[in-house]
Structure formats: C-alpha cells, structure tokens
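Inside the fold
One-letter residues, chain by chain:
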Number of protein chains: 2
Amino acid sequence: MRERDQDQAPRLRPAPRLMLRESVYESLKRLLMDNALEPGTRLSIDGLARELEVSQTPVREALFRCEAEGLVVRRPNAGYLVAPLLGRDALLDLYDLRLLLEPTAAARAAANATERDRQDIDDAVRAMAPAVHGDSYQAYREFAEEDAKLHGTIANASGNPLIAETLDRLRAHVHSYRLYFRHGIAEVTAGEHQAVSDMIRDHDQTGAEQAMRIHLENSRTRLLAAYDQD
Amino acid sequence: MRERDQDQAPRLRPAPRLMLRESVYESLKRLLMDNALEPGTRLSIDGLARELEVSQTPVREALFRCEAEGLVVRRPNAGYLVAPLLGRDALLDLYDLRLLLEPTAAARAAANATERDRQDIDDAVRAMAPAVHGDSYQAYREFAEEDAKLHGTIANASGNPLIAETLDRLRAHVHSYRLYFRHGIAEVTAGEHQAVSDMIRDHDQTGAEQAMRIHLENSRTRLLAAYDQD
DNA sequence: ATTTCCAATATCGTATCCGATTTTCGGGTG
DNA sequence: CACCCGAAAATCGGATACGATATTGGAAAT
C-alpha cells in the first residue's frame, strides 16, 4: 500500500470520515440494486476489497450486515453469495409482516405525526411523481428509493422508533426492487400513496390504516401476478 | 493427506470450526445477562479480546451485532458502552411491537402448528415450572432463557419465519431480564403460558391470540409497576 | 465417464502496525 | 476554586501480513 501513494497519489484528502464500513455497505447495496450482480454470484471478500479499494476489514463487516438483512447468504467457510430473489413464499411472508406493522404505523402517524411529519410525508409523495415515467433501470431504482423513503417517513411519524427500525431492517424495497426489475414492472402507486398521505394529514386513523393496507395488498398482488405469469 | 485413508469412520470433531464470532457474541450476551456489567461500562475491544482470549476481529463483529440489537451503544471513534436499561418509553415501545406481532403469531400457531410444534410448546411451558422458585440470579437467568425459548417456539410455529426472526432480534428477554434483575422481580407466569399453550393445542386461534395479548399486557404492567415504585 | 487426488484458492482468525480521534490529566489563568 | 487549555495516553477504525483449514476445479487413474 506504500507504493500506491506514489503511482496515483492525489493530494486531496481521501478522508470520507463516514466510517468506511458504512460506505462499503452502501456500495454493496447499490451493486445489488443496479442488478449488476446475478443472484448466486460469489462475493469474495478480498475481491470486493480490491474492487472498492479498501481493506478486507470493512468489507467483512458490511457483508456481515447484509447477511443479517438477507441480501447475501453465507456458506460457512466458503464465502458469500448474492442472495436469490425472494421466492413466492418468502414474498408472502414479507408482505405478511408488513401488513402487520405498516397499517398500524400509518394509523399512529395519523394520530401522532407533527405538522412537520405530515409535510415530509406529503413531500415524499410528491417527490415520487417524476420518477414513475422513466424506463431505464435508474428510474426503477429511484422509484424504489423514493418509495422506501416514504414508507420510512410514515413509520418514523408513528411515534415508535422500534417499528420504524424493524421495517427498515427488512429492506423490503431492495427485495421488491430486485423483483420489479427482474420482471420489468414499475407500477404507478401515486394514487395509493396520496390516499395514505391525505388520511394522515386529516388525522384519520382508521382511514390511514385502511389506505395503507390496501396499498400493500395491491402491491403484493402486482408482484404475485408477475410471478405467476412466468 | 496422511492418515485420512484410515479414519473416514465417525470421528468426533473437536469443533474448532464453530465460528468464533458466534461464541464471542454468546459470551458477551451472557456477560450482560449475568449482570456482571453495569450499564454505561466501557467495552474496550481489545480488553474483551484479551479477556475472552481471542483476537479483536471476532470481538468487533460480535459488538457490531450487539449494537444492532440495542444491547450495547457505540460512540463513534470512542468505543462501545453497555447499553442503558430500557427507559419507560422504550419499554412501552418494545411491548407495543410485541403486542403487534406475538398475538398474531400465537393465532397462526394455533392454526398452523404441527403436532410436534404443539408438543414443543407444551414442553417449554413445563420446563419453566422448576425455574420459578429459585432466588439466585442464575434462577432469574434461567427463567428468562426459558421464557425466550417458549416465545421463540411459538413464533416459529406461526409458519412465518420472518416474524420469528424479527422477534428474536428484539432480544426482549435480555432487556426484560436486566429490568427484572434490577428490580428484583421474577413473576410467576406459568398460568398465562399454560393458557396460551392450551389454546394453541386446541387449535383455537382467537383464544390463543387473546391469551397471548393478556400475557404480554400483564407482563408490561408488572414491569411498569416496578418502574413506578422506584 | 466416474472417481480420486492434489494443488490452487478462499475463508476465518491471529498478530501487528498506523493514523486519527478521544479521553484523561496536569497546569495555568481568571 | 472553578474553568479552560494543551500535551500525553489510550483506543478506535482500518491496513497488511500470515497461518490453519476448508472448498474447489482440474488432472490423473481406474
């Protein structure tokens, strides 16, 4: 590593004081979401380390975290693989859990959200509008990221950070995205999102709960349809 | 390459290959549950490494995981601390989430559990009986561990592994245990557990759901009472 | 073509080293 | 006496090198 300072050593501070493991984790997630890696691809620790130009230490920790989130799978003593796409049953399990948490979260958000929360939610809904008409995979990815942000904002507004954290950990948007991309779907959910946002804005708890439930059930149906048509 | 020709017979493995990070993680959890460490105690990485007689690498990964579970907190560039006990609000948040998941899990267990699952649940209930009368902190710990096992078994029987995994990640038993220990409580919950088990055995979904809800609400009330009397 | 063996390769853990930041502690100042 | 400042010590996040063990892919042998 001494030699590398010589051959291309820009004087600029290479210091993204952002905790290298975090940025490695983000890079890895980005790799998965860009669909650059087929499910089943080997993720060699020091291969990634070289590619990202870091040492193995942060890569290990990033993979460790991805494993906990189901984005990669580990074979003992034999490295990591890109996790397979969600199977039909795993998809149902995922939505099952979301349906337990998110409608309740929406209802609580309707009850507890601050004025600023409601504004953030509405902003997030509006931010998604431009993303729905693209066709490139970047458009898909932006859509998924905005969707994640919206659902996260609602969960945060619920007043129970543990719920928000639990949902975040499911990485539902990453899993869904991989499926969406695979099947070439990018449903327009603007109307459903708007409905949830409106209910929260109006402090309508049962309305928000219903709207979120309907949104999730529709989303599940769309993904399942894509599954079955294969 | 030498003696391998001879002994392909069942040789006992000295089991060095059990993933050191896992056992470090278990040791750390044990340390917390033995209440050997006051909340706020510094957990120096290489201090732990020396104490457990391993290198720093597995300690790092174990701490990383404990952090995700809220058992320790990290101060950037300044090490880890034993997490503070759950505050009143965090306790309510935790039970809030459990009340969303566990009654549903119990209902599904009543619907989906195999005969073997029902037997396991009943065994777990029975296993707790001897633990309730001890007075040492070991008795407390065994109680907490058995309780965790019972709730985990029910969640597994629900048929949705994601729900089980999510509950497991909350480490509710560790957090509760630390509170119980601090306040010197060890409630006898045998009756409530038996009720849940009976309902599941009888395939009574709404009964199981109700029984679990009542159990959790009682548990919450007991912990809150301990809080308020301080 | 199937099986056996072996060398290449990768993981997991260890040991060390380094720069950077945090913490601690001692002293000077108001 | 309290407060602030600055240097020393401790420790983190990361890099690198190395060893033991397990997997893997291919060649040799049956």
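Everything discussed here concerns the structure shown above.
Everything numeric here is computed off the predicted structure, so don't read it as measured data.

All names here are of chain B. Ordered in space as β1-β3-β2, the 3 strands form an open sheet in which the pairing is antiparallel. The sheet is open, and its two borders are formed by β1 (42–43) and β2 (72–74), each paired with just one other strand. When β1 meets strand β3 (residues 80–82), the two strands line up antiparallel, connected through 2 bridges. Bridge pairing links Leu43 to Tyr80 in β3. Strands β1, β2 and β3 of the sheet are contacted by helix α3 (residues 56–68), whose axis makes an angle of about 105 degrees with β2.

Looking now at the protein's contact with DNA strand C. Neighbouring DNA strand C are 20 residues, the closest being Ser44 and Ile45 of chain A together with Leu20, Ser55 and Thr57 of chain B. Backbone atoms, meaning sugar and phosphate, form 82% of the atoms of DNA strand C found within 4 Å of the protein. Separating a base nitrogen of DNA strand C from a side-chain N or O atom of Arg60 of chain A is a distance of 3.1 Å. Arg75 of chain B is positioned such that a nitrogen or oxygen atom in its side chain is 3.1 Å from a phosphate oxygen of DNA strand C. Of all elements in the fold, only β1 (42–43) and α3 (45–52) of chain A together with α1 (20–33) and α3 of chain B reach the threshold of two or more residues within the surface near DNA strand C. Of the residues belonging to the surface near DNA strand C, the class tally is 7 nonpolar, 6 polar and 7 charged.

Counted by the stated rule, this structure contains 34 salt bridges over all chains. Across the pair Glu115 of chain A and Arg201 of chain A runs a salt bridge whose closest N-O atoms are separated by 3.8 Å. Of the two residues, Glu115 of chain A is situated in helix α6 (residues 115–128) and Arg201 of chain A in helix α10 (residues 190–201); the sequence distance between them amounts to 86 residues. Owing to a relative accessible area of 31%, Arg201 of chain A belongs among the partly exposed residues under this scheme. The residue Glu69 of chain B makes a salt bridge to Arg65 of chain B at a minimum N-O spacing of 4.0 Å. Taking relative accessible area as the criterion, Arg65 of chain B reaches 25% and is therefore assigned partly exposed. Here the salt bridges do not stand alone but share partners, grouping Glu22, Arg65, Glu69, Asp168 and Arg171 of chain A into one network.

Bringing the sheet that holds β1 of chain A into the picture now. Sheets are built from strands paired through backbone hydrogen bonds, the pairs being either parallel or antiparallel. Taken in spatial order, the 3 strands line up as β1-β3-β2 (chain A) in an open sheet, and their pairing is antiparallel. With partners counted over all chains shown, the strands left at the sheet margins are β1 and β2 (72–74) of chain A, one partner each.

Contacts between the two partners involve 28 residues from chain B, matched on the other side by 28 residues from chain A. The junction of chain B with chain A conceals about 2,500 Å² of combined surface from both sides, 57% of it contributed by carbon and sulfur atoms. Area buried by chain B at its contact with chain A is led by Phe64, Leu100 and Arg169 of chain B, which between them contribute 23% of it. Where chain B touches chain A, the interface holds 6 residue pairs in polar contact (both at pLDDT 80 or more). Broken down by secondary-structure element, the contributors of at least two residues to the side of chain B that touches chain A are α3, α4 (88–112) and α7 (161–170) of chain B.

This part covers the relation of the copies chain B and chain A. In screw terms, the move from chain B to chain A is a rotation of 180 degrees and a rise of 0.1 Å along the axis, fitting with an RMSD of 0.1 Å. Within this description, the copies of the chain are treated as partners about a two-fold rotation axis. Here 96% of the contact residues of chain B are again contact residues in chain A; the copies associate through an equivalent surface.

Thresholds applied
Residues numbered from 1 in each chain as written. Chains lettered and ligands numbered in written order. Predicted model: local features only at pLDDT ≥ 70, side-chain atom pairs only at ≥ 80, totals over all residues. Heavy atoms only, no water. Pairing = 2+ DSSP bridges. Helix = DSSP H or I, 4+ residues; strand = E, 2+ residues; numbered from the N terminus. Contact = heavy atoms within 4.5 Å. Axes fitted to C-alpha atoms, helices over the stretch in contact; angles between N-to-C directions. Near = heavy atom within 4 Å. Polar contact = N/O pair within 3.5 Å; in protein donor to acceptor, adjacent residues only side chain to side chain. Nonpolar A, V, L, I, M, F, W, Y, C, P; charged D, E, K, R; others polar. Salt bridge = Lys/Arg side-chain N within 4 Å of Asp/Glu carboxyl O. Buried < 20%, exposed > 50% of the residue type's maximum accessible area, 1.4 Å probe, protein only. Buried area = accessible area lost by both parts, 1.4 Å probe. Least-squares fit on C-alpha atoms with pLDDT ≥ 70 in both.

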